[in-house]
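# Coordinates in review
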Amino acid sequence: AQSVTQPDIHITVSEGASLELRCNYSYGATPYLFWYVQSPGQGLQLLLKYFSGDTLVQGIKGFEAEFKRSQSSFNLRKPSVHWSDAAEYFCAVGADDYKLSFGAGTTVTVRA
Amino acid sequence: GAVVSQHPSRVICKSGTSVKIECRSLDFQATTMFWYRQFPKQSLMLMATSNEGSKATYEQGVEKDKFLINHASLTLSTLTVTSAHPEDSSFYICSATRTGGNGYEQYFGPGTRLTVT
């Protein structure tokens, strides 16, 4: 069975600073990896995904993530955060049956 | 882009009544949809897999007679919470699977806030 660990429960970052959110996964086969963002009281929005190919993946809203098989990681980055990036971020690993297993999430707070 | 809607966005019902939540994929067909439950400040808990034209598959610990799922078409899945009780109060989110040449994607609805009084 697949699983995901997001080690950071809460991250505070200054507006304009860079952001990195960590994600480690466990899966026996080649993983399908996703990052989602959730604003309060809303559903989840897909930021980016990795299935194969280039290990550096570009997503929406200026986010990118890098798949590192040797470290079983799929960390999310953004060079310069905006106040609107304050939200909950979830990393997920998907199986061949389309089921997703989510990490516990990381809350991002952006200070002015 | 892919859009998934949920209706209603909020519902309040009395204990013992049933509530139906609809999940629709608006611009693509989805043979597989999922239903999740989310508690405050927690991650999503998968409840069941909804497959078009067949019975839903429930995760361990989820009562299939309480949470009835119907996937009648390629764009619609419904979750009915039967004989609702206050402990069923939660945020319910659906997702629809879009498949393509490069794997698949799950698109999520905006969620339904259920409050049982």
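A brief look at the structure comes next. Note that the structure is a prediction, hence the values are computed from the model and not measured. (Residues numbered from 1 in each chain as written. Chains lettered and ligands numbered in written order. Predicted model: local features only at pLDDT ≥ 70, side-chain atom pairs only at ≥ 80, totals over all residues. Heavy atoms only, no water.)

## Considerations on the overall build of chain A
Of regular secondary structure, chain A possesses zero helices and twelve strands. If you list the helices and strands of chain A from N to C, you get β-β-β-β-β-β-β-β-β-β-β-β. Whereas a compact globule of 112 residues would reach a radius of gyration of roughly 13 Å, chain A reaches 13 Å, a difference of no more than 12%. Based on the C-alpha atoms only, the size of chain A along its principal axes is roughly 40 × 30 × 20 Å. (Helix = DSSP H or I, 4+ residues; strand = E, 2+ residues; numbered from the N terminus. Rg over C-alpha atoms; globule rule 2.2 N^0.38 Å.)

## Quick word on the state of the cysteines
A covalent bond between the sulfur atoms of two cysteines is what we call a disulfide. As enumerated under the stated definition, the model contains two disulfides over all chains in all. For Cys23(A), the disulfide goes to Cys91(A), at an S-S distance of 1.9 Å. For the disulfide bridge between Cys23(A) and Cys91(A), the dihedral angle about the S-S bond is near -60 degrees, and by the sign convention the bridge is left-handed. Here Cys23(A), found in the loop between strand 3 (19-21) and strand 4 (24-26), pairs with Cys91(A), found in strand 10 (residues 87-94); they are 68 residues apart in sequence, far enough to count as distant. Here Cys23(A) matches Cys91(A) in class, with each residue buried. Between the sulfur atoms of Cys23(B) and its disulfide mate Cys94(B) the distance is 2.0 Å. One quick way to see it: the torsion about the S-S bond of Cys23(B) and Cys94(B) is about 80 degrees, and its sign makes the bridge right-handed. In this pair, Cys23(B) sits in strand 3 (residues 19-25) while Cys94(B) sits in strand 9 (residues 90-100), placing the two residues 71 residues apart along the sequence. Classification of Cys94(B) by relative accessible area gives buried; the value is 0%. In this structure Cys13(B) is a free cysteine whose sulfur lies 18 Å from that of Cys94(B), the closest cysteine sulfur available. (Disulfide = S-S within 2.5 Å. Buried < 20%, exposed > 50% of the residue type's maximum accessible area, 1.4 Å probe, protein only.)

## Quick look at the interface of chain A and chain B
Many descriptions give the size of an interface as the accessible area lost when the pieces come together. If you look at the interface, chain A gives 22 residues, while chain B gives 23 residues. Roughly 1800 Å² of surface becomes buried between chain A and chain B when both sides are summed, with 60% attributable to carbon and sulfur atoms. The tally of links from chain A across to chain B stands at two salt bridges. Among the ionic pairs, Glu105(B) bridges to Lys49(A), the shortest N-O distance being 2.9 Å. Here chain A is connected to chain B by eight residue pairs in polar contact (both at pLDDT 80 or more). When residues in the side of chain A that touches chain B are grouped by element, the largest group, four residues, is from strand 5 (residues 32-38) of chain A. Classifying every residue of the side of chain A that touches chain B by side-chain character gives twelve nonpolar, seven polar and three charged. (Contact = heavy atoms within 4.5 Å. Buried area = accessible area lost by both parts, 1.4 Å probe. Salt bridge = Lys/Arg side-chain N within 4 Å of Asp/Glu carboxyl O. Polar contact = N/O pair within 3.5 Å; in protein donor to acceptor, adjacent residues only side chain to side chain. Nonpolar A, V, L, I, M, F, W, Y, C, P; charged D, E, K, R; others polar.)

## A word on the pairing of strand 2 (residues 10-13) of chain B
Strand residues, when the strand is regular, have side chains that alternate between the two faces of the sheet. All names here are of chain B. Only one face of strand 2 is covered, namely the one carrying Val-11 and Cys-13; the face carrying Arg-10 and Ile-12 has none of its residues buried. Sheet analysis places strand 2 next to strand 11 (residues 112-116), joined by four bridges and oriented parallel. Bridge pairing in strand 11 links Arg-10 to Arg-113. (Pairing = 2+ DSSP bridges.)

## Notes on the environment of Tyr104(B)
Secondary-structure assignment places Tyr104(B) in strand 10 (residues 103-108). Tyr104(B) sits in the buried class, given a relative accessible area of 2%. Among all residues touching Tyr104(B), those that are not within four sequence positions of it are Tyr32(A), Phe34(A), Lys49(A), Phe51(A), Gly94(A), Ala95(A), Tyr98(A), Lys99(A), Leu100(A), Thr97(B), Arg98(B) and Thr99(B).

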